[in-house]
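Analysis of the macromolecular model
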Amino acid sequence: MRNIHQALVKSNLHSAIKVSSPIALSALQNSYPSSAGSFRQELVEPVFRPMLEFLRETGSYLMVNAYPFFAYEANSDVISLDYALFRENPGNVDAGNGLRYFSLFDAQIDAVFAAMSALKFDDIEMVVSETGWPSKGDGTEIGASVANAAAYNGNLVRRILTGGGTPLRPKADLTVYLFALFNEDDKNGPTSERNYGLFYPNEEKVYDIPFTSEGLKKSPPVTGGGVSRSTTRNTWCVASGEAGEEKLQAALDFACGEGGADCRQIQPGAACFKPNTVEAHASFAFNSYYQRNERAGGSCYFGGAAYVVAQPPSAYSRLIHPLSRYLFVCCGKC
């Protein structure tokens, strides 16, 4: 890596081209809970410390290959499929730092951030150089299906495009590369290894998911796996105060803008402008988005900045839920 960097320096390309090397999550000694994330001891001094020092010196990124599928496949008895696919779920609280996680992806990424932090490298940014979900697998490969692959990749795109970092690094602006464009039909190994692609080798789509903000407007969150919407119409989407004002504002901007939520009632002078707080306005916008998408699984996520609740709020009232910290302002029809 240093030799390649020096070659770039000689050609005056080192500012435009950064050098890194991807790591697999198997390089972690601990990944659960996320706050206990650490690199394997035998790799710290010969590999990670010098590599992280190089990345810091050159302003590069740590590249990580993260596959929630493998964790789910091996632990489907304790890991919820909804948690693995970015669908609605109650979340998991990290006993080490009290943060609540609503996706296995975020938990895995934060485990790497925690491992970096343990070595005092909090300033290095991360790129997810590979992630994906297989559309087909052997009989023993639990969770490998077209529906689940569409749900994972589709909801991942939505999660990244709507912005926001992770619970541990809420300001992290993640760049994520999907694996892969095509199925690799001649690849060795289990069936899943040949079925991560978005397209078959003949260029036909394996499944259809949006890849742009414009596409998200026309497509509700991908549920897959036979789980689609809330089992009752009596559910609402509210903002989580634990997400922080910056994350809520980014999600609010998306909901009222590209998301297509009806935010006219929270404009200055309108009926629901007060209380004039980001959290209150976000709850209104999130719920509008949620209801417009027919309460589809994943439509009340916003990067972990929102919750689904079943207790109906009264019109023109504030509701403080006894089990979580949020403020919901409901005006007119909710």
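What comes next is a walk through the structure.

How each quantity is defined
Residues numbered from 1 in each chain as written. Predicted model: local features only at pLDDT ≥ 70, side-chain atom pairs only at ≥ 80, totals over all residues. Heavy atoms only, no water. Pairing = 2+ DSSP bridges. Helix = DSSP H or I, 4+ residues; strand = E, 2+ residues; numbered from the N terminus. Axes fitted to C-alpha atoms, helices over the stretch in contact; angles between N-to-C directions. Contact = heavy atoms within 4.5 Å. Buried < 20%, exposed > 50% of the residue type's maximum accessible area, 1.4 Å probe, protein only. Salt bridge = Lys/Arg side-chain N within 4 Å of Asp/Glu carboxyl O. Lys, Arg positive; Asp, Glu negative; His and termini not counted. Polar contact = N/O pair within 3.5 Å; in protein donor to acceptor, adjacent residues only side chain to side chain. Expected span 1.5 Å × (residues − 1).

**Quick word on the sheet that holds strand 8 (residues 175-178)**
Overall, parallel pairing links the four strands, which are arranged 1-4-7-8 in an open sheet. For this open sheet the edge positions go to strand 1 (22-24) and strand 8, each flanked by a neighbour on one side alone. Neighbour-to-neighbour, the strand axes of the sheet open up by a mean angle of 25 degrees, direction not taken into account.

**Some points on the environment of Ser288**
Relative to the elements of secondary structure, Ser288 occurs in helix 9 (residues 278-292). Once the C-alpha coordinates of Ser288 and Cys256 are considered, the two residues, 32 residues apart in sequence, prove to be 9.1 Å apart. Beyond its immediate chain neighbours, meaning those up to four positions away, Ser288 contacts Ala261 and Asp262.

**A closer look at the pairing of strand 9 (residues 236-239)**
Along strand 9, one buried face is formed by Trp236 and Val238 and the opposite face, lined by Cys237 and Ala239, is buried too. In terms of strand pairing, strand 9 meets strand 10 (residues 306-309) through four bridges, oriented antiparallel. Bridging across to strand 10, Val238 finds its partner in Tyr307.

**Focus on the pattern of salt bridges**
In this structure the tally under the stated criterion is twelve salt bridges. Of the charged contacts in the structure, one is a salt bridge between Glu42 and Arg40, with a shortest N-O distance of 2.9 Å. According to the relative accessible area criterion, Glu42 is partly exposed, its value standing at 47%. Given the relative accessible area of 30%, Arg40 is considered partly exposed.

**With respect to the side chain of Asp110**
Its location among the elements puts Asp110 in helix 5 (residues 104-118). With no salt bridge to any partner, buried Asp110 finds its closest opposite charge in Arg169, at an N-O distance of 6.5 Å. In this structure the side chain of Asp110 is engaged in a polar contact, spanning 2.4 Å, whose partner is the side chain of Thr166. Apart from residues lying up to four places away in sequence, Asp110 is in contact with Ser34, Tyr101, Thr166, Pro167, Leu168 and Arg169.

**Regarding the environment of Ala280**
On the secondary structure map, Ala280 appears in helix 9. For Ala280, a relative accessible area of 2% puts it in the buried group.

**Quick notes on unusual backbone geometry**
Residue Ala180 is reached from Phe179 by a cis peptide bond, and omega for that bond is 10 degrees. Topologically, Ala180 is positioned in the loop between strand 8 and helix 7 (213-218). Here the residue pair Lys274 and Pro275 is connected by a cis peptide bond, since its omega of 0 degrees sits within 30 degrees of zero. Tracing the sequence through the fold places Pro275 in the loop between helix 8 (245-256) and helix 9.

**Observations regarding helix 9**
If you check helix 9, its first and last C-alpha atoms are 21 Å apart, about what 15 residues at 1.5 Å a residue would give, namely 21 Å. The element helix 9 is largely enclosed, with a buried count of twelve among its 15 residues. Val278, Ala280, His281, Ala282, Ser283, Phe284, Ala285, Phe286, Asn287, Ser288, Tyr289 and Tyr290 are the residues of helix 9 that are buried.

**Comments concerning the environment of Ala270**
By the element assignment, Ala270 lies in the loop between helix 8 and helix 9. Assessed through its relative accessible area of 24%, Ala270 is described here as partly exposed. For Ala270, the residues in contact, after removing those within four places along its chain, are Arg264 and Gln265.

What is shown is where atoms sit, not what they do.
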